[in-house]
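Chain residues, written in single-letter form:
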Amino acid sequence: MTVLDVHIEEAGYEASHPQIHDIQFQVKAGELVGLIGPNGAGKSTTLKGIMGLLKFCKGDIRFMGEQKTYAYIPEKPIMYDAMTLWEHLEIAAAAYQLTTEVFHTRATELLQRFRMEEVKHQLPSSFSKGMQQKMMLIIGFLTKPDVYIVDEPFVGLDPRATKDFLMMLHAERERGAGVLMSTHVLDTAERICSSFVLVNEGSIVAQGTLSEIQARSGISDATLLDCFDALT
């Protein structure tokens, strides 16, 4: 079952200067799609277009899961300086209309998994970058949406937190959630993603499984990086 259908004819920050063109792909339930490309390729613009955050976006974006909901995990933590970690979680729970019982159960489990329970009543502005990023992961996983939109999730995470994150992603995919993940960490992407969308200069240059992209690049058994270099 498709949970996200993306068809962007063109989009950008001004109608007269579109940044991306002909971006079409789907994310299916249980699938992890890697959005791959160098800086300036159009990855962030694509994510913003999907979430309706661009002033100009011509196309059709459809969230098609049971709840038609998504969670966004940003590259740079977004927080309110005067609110504690727990208060951030309460806001997310209220926005998604979680019951008090469900909220407390999920929040407690996630805080324990990411080893943040002892700081839940502290201000995130005092956290390290890694702790702030873990807060973003906890908020995202709290809501259990149909689709996760994840932007460079490995920045600032230590190895243990990275493992916890990947385990949570695996569990959510087994539940039926789809994941769209933008990342520069190609060796990890190659290992965990079920398919890829390669973008360069605002357009898709290839998409599909690793074997399909290898065939497209003409280099059998090549790494994802080698394929990208050959195609661009």
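Residue numbers restart at each chain and count upward from 1, following the sequence in its written direction. Only residues with pLDDT of at least 70 get local features here, since the model is predicted, and only at 80 or more are side-chain atom pairs given and counted; chain-wide, interface and lining totals rely on the full set of residues. Excluded from the side-chain calculations are hydrogens and water; all other atoms, namely the structure's heavy atoms, are used.

## Re the pattern of salt bridges
No. 1: The salt bridge criterion pairs a side-chain nitrogen of Lys or Arg with a carboxyl oxygen of Asp or Glu, the two atoms within 4 Å. Tallied over the full model, the rule gives five salt bridges.
No. 2: A salt bridge links D60 to R62, with the shortest nitrogen-to-oxygen separation between them at 2.7 Å.
No. 3: Accessibility here uses a 1.4 Å probe with only protein chains present; expressed as a share of the type maximum, an area under 20% marks a residue as buried, one over 50% as exposed, and anything in between as partly exposed. Taking the relative accessible area as the measure of exposure, R62 reaches 47% and is therefore partly exposed.
No. 4: Put simply, D164 and R115 hold a salt bridge, and the shortest N to O gap is 2.7 Å. Highlighted residues: D164 in helix α5 (residues 159-175) and R115 in the loop between α3 (100-113) and α4 (129-142), separated in sequence by 49 residues. Secondary structure elements are taken from DSSP: a helix is a run of H or I of four residues or more, a strand is a run of E of two residues or more, and numbering for both begins at the N terminus.

## Here we look at the domain arrangement of the protein
No. 1: Domain start and end points were adopted from an automatic or database domain assignment. As far as domains go, the protein holds domain 1 (2-69 + 146-231) and domain 2 (84-144).
No. 2: Centre-to-centre separation of domain 1 and domain 2, based on C-alpha positions: 25 Å.
No. 3: Between two residues, a contact is recorded if the distance between any of their heavy atoms is within 4.5 Å. Across the boundary between the two partners, domain 1 contributes 17 residues, which contact 13 residues of domain 2.
No. 4: By buried area we mean how much accessible surface two parts lose on assembly, using a 1.4 Å probe and totalling the loss over both. Of the roughly 1,400 Å² buried between domain 1 and domain 2 on both sides combined, carbon and sulfur atoms contribute 64%.
No. 5: Of all residues in domain 1, the largest losses of buried area upon contact with domain 2 belong to Y148, D164 and M168, amounting jointly to 35% of the total for that side.
No. 6: Applying the counting criterion to the domain 1 and domain 2 interface returns two salt bridges.
No. 7: With its nearest N and O atoms 3.2 Å apart, the salt bridge here joins E172 to K144.
No. 8: Any pair of nitrogen or oxygen atoms within 3.5 Å is treated as a polar contact; in protein, a donor-acceptor pairing is required on top of that, and neighbouring residues in sequence qualify only through side-chain atoms on both sides. Counting across the interface, domain 1 meets domain 2 through four residue pairs in polar contact (both at pLDDT 80 or more).
No. 9: The leading source of residues in the side of domain 1 that touches domain 2 is α5, at nine residues.

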